[in-house]
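# Descriptive structure summary
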Amino acid sequence: MTERFTLAANVLLSRRLQNLLRIDENVEIDMSYITCAEYQLFIDQRLKADEHRQPDHWTTYRFPSGDAKKPITGVRFSDAKEFCEWLTQQQSAPIFKYRLPTLAEVEEHPVTEKQLGCWCFDGEQRIIAGIEAGQQQTWQQKLDEVLVLYRDLYHNLYQNLYRDLYDELYLVLYRDLDLDLYDDFDLNLYHDLYLNLYHDLYRDLYCVLNCDLNRDLDRVLDRDLYHDLNHVLNRVLNRVLNRVFDRDLYRILDRDLYRDLYSALEGKIKAIEEGKASDFLLLYFPLLPVIVIYHFLSGTYEAISHNKAALNIIKLSRQESEAISRKYLDNFNEIYPLYVYLVLLDERQAGRIPAWESIRIVRERVE
């Protein structure tokens, strides 16, 4: 920054601090938002220590040309709070401290600009206040339109999951399991039991008929009947489950999930392939498959927890299935906000969604 700019920005900031609105004998509040030029002074000083405090959607360390007197927007809460601390440190004598306002102070002393909001405290919470409700809803709708996983994952995938899991997977499982068990019991079980049981039974009867008939009957029946039952059941169940899951579950995923997700991401995939992707797109794109997997697994185990037959097959209790579902949901909830934030920054950088987080300051006398 040039010395001329620094001087002009300091004049703007000095005039602001001289025109705060007095709330009471100890507290004064700013009635407009901090400008880009004023915030730039803070950015420049932090840059000297190799610390970056510019808004995340900026492409450089300087505000866009022509925005010097416009409100600073897109500021993180931590940076807004640090800006106030920086202002406090600029005093020659610590008579006052600067801080962010409370929600009550913002609501009692609103600014005329309703397109932006400022960071403030509501008890222990930090929130954005001052934005007109209708405007906030409009921005949220715009964000929802570009959040692929908000529109498609929550609506299509979740809807398809329940529909397919119950209507296709479980129905097919019952149908095929009954059919294959019937076929295999008729064909394999009786055949194996007949060969083995009769072979061993007659052999043992003739060999030890006068010795210990009852003992050998018990031994043969126990050994062969349980052996064949376990053999057939394990083979049939494993084959049926593998076939059902391979054929139906993966077919469903390939058909519905791949179709919906690829359709929504087609433009972004093309941008990456052509080398035209933004930095933010390159950051959040790898998160998508992880988010999808966590969301799908959470929904799957939640659905299974309500189906006794499925619980018996995978040998889990309802509580265990619900616990697994919650674990994957917790993982999803840890990653999803980062995805949303990166998408928002991408949209802001492209100029499709505006930034709205600004700064108002309060000056309070130090006792």
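Note that this is a predicted model, so its numbers are computed, not measured.

Rules behind the numbers
Residues numbered from 1 in each chain as written. Predicted model: local features only at pLDDT ≥ 70, side-chain atom pairs only at ≥ 80, totals over all residues. Heavy atoms only, no water. Salt bridge = Lys/Arg side-chain N within 4 Å of Asp/Glu carboxyl O. Helix = DSSP H or I, 4+ residues; strand = E, 2+ residues; numbered from the N terminus. Buried < 20%, exposed > 50% of the residue type's maximum accessible area, 1.4 Å probe, protein only. pLDDT = per-residue confidence, 0-100. Contact = heavy atoms within 4.5 Å. Pairing = 2+ DSSP bridges. Phe/Tyr/Trp six-rings, centres within 6.5 Å; stacked < 30°, edge-to-face > 60°. Lys NZ or Arg CZ within 6 Å of the ring centre and 35° of its normal. Axes fitted to C-alpha atoms, helices over the stretch in contact; angles between N-to-C directions. Parallel < 35°, antiparallel > 145°, perpendicular 65-115°, else oblique. Left-handed = near helix turned anticlockwise from the far one by under 90°. Nonpolar A, V, L, I, M, F, W, Y, C, P; charged D, E, K, R; others polar. Polar contact = N/O pair within 3.5 Å; in protein donor to acceptor, adjacent residues only side chain to side chain.

## Re the pattern of salt bridges
Counted by the stated rule, this structure contains 17 salt bridges. Between Glu364 and Arg99 there is a salt bridge, and its shortest N-O distance comes to 2.7 Å. Taken together, the positions of Glu364 in strand 7 (residues 362-365) and Arg99 in strand 3 (residues 96-99) put the pair 265 residues apart, joining distant regions of the chain. Take Arg99: its relative accessible area is 18%, and that puts it in the buried class. We note a salt bridge from Arg352 to Glu347, for which the minimum N-O separation is 2.7 Å. Among the charged side chains, a network of salt bridges with common partners joins Arg46, Glu51, Arg53, Asp79 and Glu82.

## Structural notes on the confidence of the model for the protein
A residue-level look at the protein finds 65% of positions with pLDDT of 70 or above and a mean pLDDT of 76. When pLDDT is averaged over each helix and strand of the protein, the minimum, 47, is found for helix 6 (residues 148-208) and the maximum, 97, for strand 2 (residues 27-29). Counting contacts from residues 232-247, a segment whose pLDDT is below 50, to residues more than four positions away or on other chains yields 34 contacts.

## Quick look at the pairing of strand 7
Pairing geometry for strand 2 and strand 7, over three bridges, is antiparallel. Across the sheet, the residue bridging to Ile29 is Val362, located in strand 7.

## What about the sheet that holds strand 4 (residues 117-122)?
Spatially, the three strands line up as an open sheet ordered 5-4-6, and their pairing is mixed. Only two strands of the sheet have a single neighbouring strand rather than two, namely strand 5 (125-129) and strand 6 (357-358). Direction of pairing for strand 4 relative to strand 6: parallel, over a ladder of two bridges. The residue of strand 6 that forms the bridge with Cys118 is Ser358.

## Here we look at unusual backbone geometry
Even without being glycine, Asp50 reaches a positive phi, approximately 60°. Following the sequence through the fold, Asp50 ends up in the loop between helix 2 (36-47) and helix 3 (77-89). You can call Asp50 exposed: its relative accessible area is 61%. At Lys315, a position not held by glycine, the phi torsion is positive, near 60°. Topologically, Lys315 is positioned in the loop between helix 10 (308-314) and helix 11 (318-349). For Lys315, a relative accessible area of 75% corresponds to the exposed category.

## Some thoughts on the packing of aromatic side chains
Under the defined criterion, the tally for this structure stands at 13 aromatic pairs. A ring pair is formed by Phe77 and Phe121, whose centres lie 5.5 Å apart and whose planes are at 85°; its orientation type is edge-to-face. With Phe77 in helix 3 and Phe121 in strand 4, this residue pair connects regions lying 44 residues apart in the sequence. Given the relative accessible area of 9%, Phe77 is considered buried. Measuring from centroid to centroid gives 4.9 Å for Trp139 and Trp356, while their planes differ by 10°, and the two rings are stacked. Here the residue Trp139 occupies a position in helix 5 (residues 133-146), and Trp356 occupies one in the loop between helix 11 and strand 6, the gap between them amounting to 217 residues. Looking at Trp356, the relative accessible area reads 16%, which means it is buried. In this structure an aromatic cluster arises from ring pairing among Tyr39, Phe42, Phe83 and Trp86. One residue, Arg62, lies across the ring of Phe63, its end atom 4.5 Å from the ring centre. Its end group placed over the ring of Tyr328, Lys327 keeps NZ or CZ at 4.6 Å from the ring centre.

## A short note on the environment of Pro354
Along the chain, Pro354 falls in the loop between helix 11 and strand 6. Contact partners of Pro354, with chain neighbours within four places excluded, come to Trp139 and Arg348.

## Here's the deal with the sheet that holds strand 2
Judged by pairing direction, the sheet is antiparallel, and its four strands sit side by side in the order 1-2-7-3 without closing on themselves. Lying at the two open borders of the sheet, with one neighbouring strand each, are strand 1 (21-22) and strand 3. As paired elements, strand 1 and strand 2 share two bridges and run antiparallel to each other. Bridge pairing in strand 2 places Leu21 opposite Ile29.

## Looking at the packing of helix 1 (residues 3-18) against helix 2
Close contact between helix 1 and helix 2 brings their axes to 8 Å; oriented N to C, the two are set at 115°. Taken together, the axes of helix 1 and helix 2 are roughly perpendicular relative to one another. For the crossing formed where helix 1 meets helix 2, the hand is left-handed. Taking contact as the criterion, the partners of Phe5, Thr6, Ala9, Asn10, Leu12, Leu13 and Arg16 in helix 1 are, on helix 2, Ala37, Glu38, Gln40 and Leu41. Looking at the contact of helix 1 with helix 2 residue by residue, the classes come out as six nonpolar, three polar and two charged.

## Notes on the side chain of Glu38
Assignment of secondary structure puts Glu38 in helix 2. A polar contact of 2.9 Å, which involves the side chain of Glu38, links it to the side chain of Arg16. Apart from the residues lying within four places of it in its own chain, the contact partners of Glu38 are Ala9, Leu12, Leu13, Arg16 and Phe83.

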